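Observations on chain architecture
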Amino acid sequence: MAEMVVEGAVTLNVEGAFYNPRMRLNRDLGVAMVRALGISDYLDALAASGARGLRVAKEAGAAAVALNDVSPRAVALIRENARLNGLVGCEVLSSNANVLLHQRRFEAVDLDPFGSPAPFLAAAARSALDYLFITATDTAPLCGAHLKSGIRKYMAVPVKAEHHREMGARILLGAAARELARVDKGVRPLLTHATDHYVRVYLGIAKGAKSADRALESMGYLEQCRSCGLWRTVSGVGCPSSGKCSFCGGRAEVAGPLWLGPIQDPGVIGRALAAMEGSAARSDRGVRLLQACADEIDLPMYYDHHRLCRRFKATPGTASDLVEELRSLGWSASRTHFSGVGVKTDAPIEVLREVLTAPPPRSGARGGSSSHGP
Ligand SMILES: C[S@@+](CC[C@H](N)C(=O)[O-])C[C@H]1O[C@@H](n2cnc3c(N)ncnc32)[C@H](O)[C@@H]1O
Ligand SMILES: [Zn+2]
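No experiment lies behind these values; they were computed from the predicted model shown.

What follows is about the coordination of the zinc ion (ligand 2). Donor atoms from the polypeptide that coordinate the zinc ion (ligand 2) comprise Cys225 (SG), Cys228 (SG), Cys245 (SG) and Cys248 (SG), at 2.2 to 2.4 Å from the metal. Every donor counted, the four donor atoms about the zinc ion (ligand 2) form angles of 100 to 115° at the centre, which fits tetrahedral coordination. Along the chain, the residues that donate to the zinc ion (ligand 2) are spaced as C-x2-C-x16-C-x2-C. Highlighted residues: cysteine 228 in the loop between β10 (219-225) and β11 (231-235) and cysteine 248 in the loop between β11 and β12 (252-259), separated in sequence by 20 residues.

Going from glycine 256 to proline 257, the amide bond is cis rather than trans, its omega being 5°. Looking at the element boundaries, proline 257 is found in strand β12. Phi angles above zero are rare outside glycine, and alanine 48 is one such case at about 50°. Counting through the fold element by element, alanine 48 comes out in the loop between β3 (41-44) and α2 (51-59). A relative accessible area of 14% means that alanine 48 is categorised as buried.

Reading across the sheet, the three strands line up as β13-β15-β14 and stay open at both edges, with antiparallel pairing between neighbours. Of all strands in the sheet, those bounded by a partner on one side alone are β13 (303-304) and β14 (333-336). Pairing analysis gives two bridges linking β13 to strand β15 (residues 339-345), with the strands arranged antiparallel. Paired with aspartate 304 across the bridge in β15 is glycine 342.

A cluster of nonpolar side chains, namely Leu147, Ile151 and Val157, defines an oily patch on the protein surface of about 190 Å² accessible area. By the secondary structure assignment, valine 157 is in the loop between α7 (147-154) and α8 (164-182).

So, about the site of ligand 1. Around ligand 1, a shell composed of 17 residues is seen, among which Arg27, Leu46, Asp69, Ala97 and Asp112 lie nearest. Here a nitrogen atom of ligand 1 sits 3.2 Å away from a polar atom, N or O, in the main chain of valine 70. At 2.7 Å, a side-chain N or O of aspartate 112 approaches a nitrogen atom of ligand 1. Judged by the fraction of its atoms near the pocket grid, ligand 1 is located in the largest pocket. Grouping the constituent residues of the shell around ligand 1 by class yields nine nonpolar, four polar and four charged.

What follows concerns the domain arrangement of the chain. Each assigned domain of the chain is listed with its residue range as follows: domain 1 (4-216 + 260-295) and domain 2 (303-365). Inter-centroid distance (C-alpha atoms) of domain 1 to domain 2 is 34 Å. With 13 residues of domain 1 at the interface, the matching set in domain 2 holds eight residues. Carbon and sulfur atoms make up 52% of the surface buried where domain 1 meets domain 2, a total of about 810 Å² over both sides. Of all residues in domain 1, the largest losses of buried area upon contact with domain 2 belong to Glu162, Arg165 and Glu166, amounting jointly to 60% of the total for that side.

The rules we used
Residue numbers run consecutively from 1 along every chain, following the written order of its sequence. All chains are assigned letters beginning with A, and all ligands numbers beginning with 1, in the order in which they are written. Restriction of local features to residues with pLDDT of at least 70 applies here, the model being predicted, together with a cutoff of 80 or more for giving and counting side-chain atom pairs; totals for whole chains, interfaces and linings are based on all residues. Excluding hydrogens and water, the side-chain values take into account all heavy atoms of the structure. Donor atoms: N, O and S within 2.8 Å of the metal, or within 3.2 Å for Na, K and Ca. Because water is excluded, sites can look incomplete. Geometry is assigned from the angles between donors: four donors with all angles from 85 to 135 degrees make a tetrahedral site, four or six donors whose opposite pairs exceed 155 degrees while the rest stay between 65 and 115 make square planar or octahedral sites respectively, and everything else is labelled irregular. Going along the chain from the N terminus, every DSSP run of H or I of four or more residues is numbered as a helix, and every run of E of two or more is numbered as a strand. We call a residue buried when its accessible area falls under 20% of the maximum for its residue type, exposed when it is over 50%, and partly exposed in between, using a 1.4 Å probe and counting protein chains only. Strands pair, by our definition, only if DSSP identifies at least two bridges between them. A patch is a set of surface residues, each over 30% in relative accessible area and not in a salt bridge, joined within 9 Å for like charges and within 5 Å for the nonpolar side chains Val, Leu, Ile, Met, Phe, Trp and Tyr. All accessible-area figures derive from a Shrake-Rupley calculation using a 1.4 Å probe, and residue coverage is judged against the displayed protein chains alone. Put simply, a salt bridge is a Lys or Arg side-chain nitrogen that is within 4 Å of an Asp or Glu carboxyl oxygen. Any residue with a heavy atom positioned within 4 Å of a molecule or strand is treated as near that molecule or strand. For the purposes of these results, a polar contact is taken to be a pair of N or O atoms within 3.5 Å, where, inside protein, one atom must be able to donate a hydrogen and its partner to accept one; residues adjacent in sequence count only when each atom of the pair is a side-chain atom. Grid points spaced at 1 Å over the protein atoms alone were grouped into cavities, where a 1.4 Å probe fits but cannot get out, and pockets, open sets with protein on both sides within 12 Å along at least five of seven lines, with lining residues defined by an atom within 4 Å of a point. The way we define it, a molecule is inside a pocket or cavity when more than half of its atoms are within 2 Å of that pocket's grid points. Residues are sorted three ways: Asp, Glu, Lys and Arg are charged, Ala, Val, Leu, Ile, Met, Phe, Trp, Tyr, Cys and Pro are nonpolar, and all the rest, Gly among them, are polar. Boundaries between domains were set according to an automatic or database domain assignment. Residues are treated as being in contact if the distance between any of their heavy atoms lies within 4.5 Å. Joining two parts hides part of their accessible area as seen by a 1.4 Å probe, and the buried area is that hidden amount summed over both.

Here it is in structure tokens:
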């Protein structure tokens, strides 16, 4: 029996294999990124119905696309769907992904597992020559809600905090960077987003021990205050934590190791935007998400505007007002795709408190005369 769906430029029979229509945006962006990066040799390592890999073959024009799944039913469907869409040139494989990834090398490897990608990271780090794309739907372990599971899967301690979505992305990026470093490869995140129930990262890979060493310089820890929400980053392999918040004296917890380096490449994202704008699978949400990722300032973590206002007993304006006020004082600030109420800034927390608790009209603070400018 056939259960047909149309997604992007392909028609798929998804009867008896995993197919999640809510992941369409994830696949739309994947196609746009493959086009933006000009990838010609791509492996969909956990392909299910083949939705992702077949769309890459059809819409991104990648010359050599391989699709793999360990399930015989999935493999039969991938073959059928490849035929149905005139994509008989695609290679269909039926291996345990870890065996395949140890046996062969691909320009780009895409991991889209059930839950955590952790069981596949080591083999994928070996196989991927230039690009590694990873989806993780185990957001509770990544973000700190299931602490022990996070530690087991990613050998890192996530701290549950207001910026938990970015915490999850950076724990995943850190785990990938360390796996790649083990095989003398350095990593450069090109696009990172946390959307709906998953985190998705697109990594560029640079070969060589020196590249790996350079990438590991972006690893570190995050000291997080339980009381006031202040955080500070600590780069390097050791984490000298006082255990005490320097702002309010509250208890500070340590998260990590995690990735503290840049997570977006606006140049690549701009090309993905152009690819998406010109494609049949253009989606408003996809365009908005890419634009937001390109526009956010690339510093670790963000504040939740509502929580900041509650903490400082401030009358809430909007997150955009706060961004504008910080910018007018000379600080870097932006909204973030991670949260509708998130604010990223390099301003210290003292400045945030002053800005939020300044007597109205807050616009009186504009004009750049503050002694707190950078
Ligand atoms: C979440 S689904 C993939 C969804 C697909 N990428 C998409 O976009 O529609 C995960 C797939 O991984 C397959 N799988 C699980 N463990 C595997 C393994 N060790 N090797 C290969 N395939 C595996 C499952 O059979 C399942 O079809
Ligand atoms: Zn504090």
